[in-house]
Amino acid sequence: FGKSCDTIVSAVVKASSGQRDNVDEYMRDVCRELEKQDWRHSQCLSLSSQILAGMKEDDYLNREHFDAEAVCFKLWSDMVKEVESTQASQAQSEPLPIQQQQQQQQ
């Protein structure tokens, strides 16, 4: 994940000449294409948000010294937290196996 993410994020920033507005516009277009695919759209918006948060005001610094690795690490961490939260919610809402129900009634 890290290497692929790093490659894509770096390419997006460099292709935009390091300009935040260009990245924002490009990512809006990309994410708009995924609107009908809930989880992909959500992940796209998250990626866009992380890239923009990692960018500086200086175009040159973004082009030459953008820390794509940090952006990808944050994105991955957020994805893991989201999955863990979803799994915890599902586990709480699932009925207990019959044996556990019987043990709790005793």
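Worth saying up front: this structure is predicted, and the values here are computed from it rather than measured.

Attention now goes to unusual backbone geometry. Positive phi values are uncommon outside glycine, yet S17 reaches one of about 60°. Considering the arrangement of structural elements, one finds S17 in the loop between α1 (2-15) and α2 (20-32).

Moving on, we get to the pattern of salt bridges. Enumeration over the complete set of coordinates arrives at three salt bridges. Between R28 and D24 there is a salt bridge, with the nearest N and O atoms lying 3.2 Å from each other. Residue R28 and its partner D24 are both found in helix α2; the two are separated by four residues, about one turn of the helix. Look at D24 and you get partly exposed, because its relative accessible area is 21%. Ionic pairing is found between D29 and R32, a salt bridge with its closest N-O pair at 2.9 Å. Remark: R32 and D29 occur in helix α2; sequence separation between them is three residues, near one turn of the helix.

Next up on the list: a nonpolar patch on the surface. On the surface, F1, W76 and V80 cluster together into a nonpolar patch covering about 290 Å² of accessible area. The residue W76 is located in helix α5 (residues 68-93) in this model.

What counts as what
- Residues numbered from 1 in each chain as written.
- Predicted model: local features only at pLDDT ≥ 70, side-chain atom pairs only at ≥ 80, totals over all residues.
- Heavy atoms only, no water.
- Helix = DSSP H or I, 4+ residues; strand = E, 2+ residues; numbered from the N terminus.
- Salt bridge = Lys/Arg side-chain N within 4 Å of Asp/Glu carboxyl O.
- Buried < 20%, exposed > 50% of the residue type's maximum accessible area, 1.4 Å probe, protein only.
- Patch = residues over 30% accessible without salt bridge, like charges linked within 9 Å, V, L, I, M, F, W, Y side chains within 5 Å.
- Areas by Shrake-Rupley, 256 points an atom, 1.4 Å probe, with all protein chains shown as cover.

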